[in-house]
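# Structure at a glance
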Amino acid sequence: MTIFTFFIQFLCVAYTFPLSELFSDQPFFHIDSAFHWYQMQLAANIAPHFIGYDPFFAAGYPGGVTLNLSAHMPALLASLLTPVVSVSIIYKCYVFSCAILGPACIPLAASLLRLSFRHTALSGLLSLILWWASIFHWYHTAGMVSFVMTSFIALPFSVAMYQYLERDRNVRTLITLGIMGGISFFLHPLFPIPIAFFMLAYVCTSWKKISLQRMTTLILVVSGISLIPNLFWLIPMFHYAGDPSIYLKGGQPYQKVVDANLLWQELIGQFHGNVHGAKIYAPLLIGAFFSSIFSKNRSMLQIARCLTLSGLFILVFAATGASISAIGNLQPNRFSPVGYIFLIIPATIGFYDAIQFSKEWQNFFSKSFLTVGVAVIVTMTSYASYEMVREIGYGNWGHYGFPPPGVRGMGEYSKWILNFLESQTNTQGRILFELSSGRIYDDAHMTGYYAYTSDREFIGGSYPYFHFTNFQDGMLFGHPINQLSKSSFIDYMKIYNVGWILAHSETSKKYLDSIPTLEVVGEYKEFKAYQINQVLSFFTEGKGNIKVRSHNLIVLSDLQGNVVTLKYHYFPGILSSPRSTILPIYMMDDPTPFISIRNPPRDMTLSLQ
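Worth saying up front: this structure is predicted, and the values here are computed from it rather than measured. The numbers attached to residues start from 1 for each chain and follow its sequence in the written order. Thresholds applied to this predicted model are a pLDDT of at least 70 for local features of residues and 80 or more for the giving and counting of side-chain atom pairs; totals over whole chains, interfaces and linings are not thresholded and use all residues. With hydrogens and water set aside, each side-chain value is computed from the structure's full complement of heavy atoms.

Turning to the sheet that holds strand 9 (residues 479–480), a few remarks are in order. A pair of strands is treated as paired once DSSP finds two or more bridges between them. The numbering of helices and of strands both runs from the N terminus, where a helix is a DSSP run of H or I of at least 4 residues and a strand a run of E of at least 2. Strands sit in the order 7-8-9 across an open sheet of three strands; the sheet is antiparallel. The outermost strands of the open sheet, each flanked by one partner alone, are strand 7 (471–472) and strand 9. In terms of strand pairing, strand 8 (residues 475–476) meets strand 9 through two bridges, oriented antiparallel. Looking across to strand 9, one finds that Met475 is bridged to Pro480.

A few words now on unusual backbone geometry. For residues that are not glycine, phi is negative in most cases, and the peptide bond is trans in most cases. The omega torsion of the bond from Thr82 to Pro83 falls at 5°, within 30 degrees of zero and hence cis. For Pro83, the position within the fold is in the loop between helix 4 (72–81) and helix 5 (87–101). Residue Pro578 follows Ser577 across a cis peptide bond; omega there is 0°. Although it is not a glycine, Phe477 sits at a positive phi angle of roughly 55°.

So, about a nonpolar patch on the surface. Nonpolar side chains (Val, Leu, Ile, Met, Phe, Trp, Tyr) within 5 Å and like charges within 9 Å form the patches, drawn only from residues with over 30% relative accessible area and no salt bridge. Throughout, the Shrake-Rupley method with a 1.4 Å probe supplies accessible areas, and for residues the shown protein chains are the sole cover considered. Within this document, salt bridges are pairs made up of a side-chain nitrogen of Lys or Arg and a carboxyl oxygen of Asp or Glu, the two lying within 4 Å of each other. A contiguous nonpolar surface patch, about 420 Å² in accessible area, is contributed by Val171, Ile175, Ile179, Met180 and Ile183. The residue Ile179 is located in helix 10 (residues 171–187) in this model. Remark: exposure states derive from per-residue accessible area (1.4 Å probe, protein chains only) relative to the maximum for the residue type, with buried under 20%, exposed over 50%, and partly exposed in between. Under the relative-accessibility criterion, Ile179 is labelled partly exposed at 46%.

We describe a pair of aromatic rings using the distance from one ring centre to the other and the angle between the two ring planes. When two rings of Phe, Tyr or Trp (its six-membered ring) have centres within 6.5 Å they constitute a pair, described as stacked for plane angles under 30 degrees, edge-to-face for angles over 60, and tilted for the intermediate range. Enumeration according to the criterion identifies 52 aromatic pairs in this entry. Ring geometry for Phe50 and Phe232: centres 5.1 Å apart, planes at 55°, overall tilted. Of this pair, Phe50 sits in the loop between helix 3 (32–46) and strand 1 (52–54) while Phe232 sits in helix 13 (residues 231–240), and the two are 182 residues apart along the sequence. Note on Phe50: relative accessible area 32%, which makes it partly exposed. Centre to centre, the rings of Trp131 and Trp132 are 4.8 Å apart; their planes meet at 70°, and the pair counts as edge-to-face. Just as Trp131 is buried, Trp132 falls in that class too. Each residue in the set Tyr38, Phe57, Tyr413, Trp416, Phe420, Phe433, Tyr441, Tyr450, Phe458, Tyr524 and Phe527 is aromatic and connected to the rest through ring pairs, giving one cluster. Either the NZ atom of lysine or the CZ atom of arginine qualifies as a charge over a ring when it sits within 6 Å of the ring centre and within 35 degrees of the ring normal. Positioned above the aromatic ring of Tyr568, the side-chain terminus of Arg430 is 4.8 Å from the ring centre.

The subject of this paragraph is the pattern of salt bridges. Taken as a whole and assessed by the stated rule, the structure comprises nine salt bridges. A salt bridge links Lys415 to Glu412; its shortest N-O distance comes to 3.7 Å. Of this pair, Lys415 and Glu412 are both found in helix 21 (residues 412–424), three residues apart, which corresponds to roughly one turn of the helix. Owing to a relative accessible area of 47%, Glu412 belongs among the partly exposed residues under this scheme.

Here the focus is helix 23 (residues 486–495). Restricting attention to buried positions, one finds in helix 23 the residues Phe489, Tyr492, Met493 and Ile495. Phi turns positive, to about 55°, at Asn497, one or two residues after helix 23.

Checked against the element boundaries, Arg549 lands in strand 13 (residues 539–550). Here the side chain of Arg549 touches Glu457 through a polar contact of 2.6 Å, side chain to side chain. Residues count as neighbours in contact if any of their non-hydrogen atoms are within 4.5 Å of one another. The residues contacting Arg549, other than those within four sequence positions of it, are Pro55, Phe56, Thr427, Asp455, Glu457 and Tyr568. Any pair of N or O atoms that falls within 3.5 Å is considered a polar contact. Within protein, one atom must be able to donate a hydrogen and the other to accept it, and sequence-neighbouring residues count only if both atoms are side-chain atoms.

The description of two helices packed together rests on the angle between their axes and the distance between the axes. Where helix 9 (residues 145–166) contacts helix 11 (residues 192–206), the axes come no closer than 10 Å and their chain directions differ by 35°. Between helix 9 and helix 11 lies a crossing whose hand is right-handed. Contacts from Ala154, Phe157, Ser158, Met161, Tyr162, Leu165 and Glu166 in helix 9 reach Pro194, Ile195, Phe198, Met199, Tyr202 and Ser206 in helix 11. When residues are grouped by polarity, Ala, Val, Leu, Ile, Met, Phe, Trp, Tyr, Cys and Pro land in nonpolar, Asp, Glu, Lys and Arg in charged, and all others, Gly among them, in polar. Taken together, the residues of the contact of helix 9 with helix 11 sort by class into ten nonpolar, two polar and one charged. Interaxial angles span 0 to 180 degrees and are taken between N-to-C directions of axes, which are lines fitted to C-alpha atoms, for helices over the stretch in contact. The sense of a crossing depends on the near helix, which, turned anticlockwise from the far helix by less than a right angle, makes the crossing left-handed and, turned clockwise, makes it right-handed.

Quick look at the environment of Ile193 now. As for its placement among the helices and strands, Ile193 is situated in helix 11. Judged by its relative accessible area of 16%, Ile193 falls in the buried class. Through-space distance from the C-alpha of Ile193 to that of Gln424 is 48 Å; in sequence the pair is 231 residues apart. Ignoring any residue separated from it by four or fewer positions in sequence, one finds Ile193 in contact with Phe317, Leu330 and Phe335.

With that out of the way, let us pick up the sheet that holds strand 6 (residues 458–459). Strand order in the open sheet made by the five strands is 6-5-10-12-11, with mixed pairing throughout. The open sheet terminates on both sides in strands that have one partner only, identified here as strand 6 and strand 11 (518–524). Pairing between strand 5 (residues 430–433) and strand 6: two bridges, direction parallel. Looking at the pairing, Leu432 lines up with Ile459 of strand 6.

A regular strand carries its side chains on alternate faces of the sheet. Across the six residues that make up strand 12 (residues 527–532), a large majority, five, are buried. Here strand 10 (residues 498–503) pairs with strand 12 via four bridges, running antiparallel. Among the inter-strand pairings, Ile501 is bridged to a residue of strand 12, identified as Tyr530. As defined by bridge partners, strand 11 adjoins strand 12 across six bridges and the pair is classed as antiparallel. Pairing of Leu518 across the sheet is with Ile532, part of strand 12.

So, on to the state of the cysteines. When the sulfur atoms of two cysteines come within 2.5 Å, that pair is taken as a disulfide. Applying the stated rule across the entire model yields zero disulfides. Unpaired in this structure, Cys93 has its nearest cysteine sulfur neighbour in Cys98, at a distance of 11 Å. Here Cys204 stays unpaired: no disulfide links it, and the sulfur of Cys306, its closest cysteine neighbor, is 9.1 Å away. The partly exposed category is assigned to Cys204, whose relative accessible area is 39%.

Here Phe402 shows up in the loop between helix 20 (364–392) and helix 21. Put simply, Phe402 and His137 are 265 residues apart on the chain and 7.9 Å apart in space, counted from C-alpha to C-alpha. Setting aside anything within four residues of it in sequence, one finds Phe402 in contact with His30, His137, Thr141 and Arg408.

Below, the structure is given as structure tokens:
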């Protein structure tokens, strides 16, 4: 059934994500996908290094495979396969592969537990429904591809650990788990969270017979094997974790809602605002509860209780975890559908147990109640199946995820912006680009694509809530833009060498219209473009030329002065050739220092190692 589920999912995904587009050069841009495209392009350009200096955003910051937490694998593939294969094709193939592999993990877990064919078949159907007719499909099409994939992997991984703890003493199982854990952790760093809740549930349901020696061996060996190959990105990540230039994680509002009402609202299938329920949730929970209480098979009862409790732990964590600020940065709400993955196998056991009991029980009222309950569950599951069919279909109706076809051309906003950048700007200065939480420019985080394809540097970031220099929805440099004094604004524009501004919010446009040194040079729908009347230079102190500027390479020429200070940010690990004394220097209230070079040679290069 694992292969059959894989085949059915392949057909469904191929229908919504046309195979003809899989190897075309047309990019797949939707919400985070455009951001990942840029991350992959950066990784490809700095290869064979895994970390490098990106001058295109935030006046320079470190990036690469090791600092790309949400798309490690696509970035690594890009660094290995380009230029033979384009970044767009690599990413589309990765998205497609993860889509067809995910649901097959559930019948694989059922097979590992040696469940019957009918149990395995039903688990495959439920996994398909959950992938398509829930927030999971939105996650996948929004660019959270690796998270969705590792969420499904978490179930067979947990089941394999359960088998080892219960009956398997094979060392090869530990090694296999360690290797798979390492790959999954590399795919997405949040992979261990559902595994931790499963282990907690196992302790709670099996505490009377736990072998501490076996559990300790499992944890130490699997964790050790998983961590060792991931040190190459963990060490740099922690090295730069405290630097304000990476991500203002504390300021990202995504998936942080604290509301216990989410539990029942999502359970009954509500889908609006912060509530992301699905019609399949209630049948899964009812079936899981039934198997956890009434299953006659002792081994099935034990695994049903363990997995059901795991799912409940994850659901409570998803709804309330952000009440602790440190946990909030893990975006707990995203784990809500993961809890229901862990309920699938208990639900399949419960569904068939309920049908069997309805035949065996003689008490009229019990038999009638159970029969009605089974009919209700079948009806709800059938409707969820209908939603899955609608989700796959091409039509002008509501979808959980991005409606098919999955690959579309460049939008009108992007065409105008790219044309403006090419015709109205140059490489002598930077672009101050106002990001939009609502992604008004073609419903994607497109700035990475804009900057790279136009060869222009942007102040701010390729993603919202990025760096001190972030400009988003009327907020600039950590302040409401209309609270900045005009003199401070002009000073900021000088230290960041801003030559042009693109703004969309009414607050920002009203403020910018009041600055006398700004000239309106273009308008398109909400966008208004300005040019700053100031001398553009990437040097605060000293003189010289930026001969070449690309990923992990800045070539300086004709340098003059005992001290040359650049309008690029400084980071530990920046090297010069020939070797020179490079010191950090702070400007205004930017928490990241800038590069200052003492007694520079006439010509030199800078890179991050």
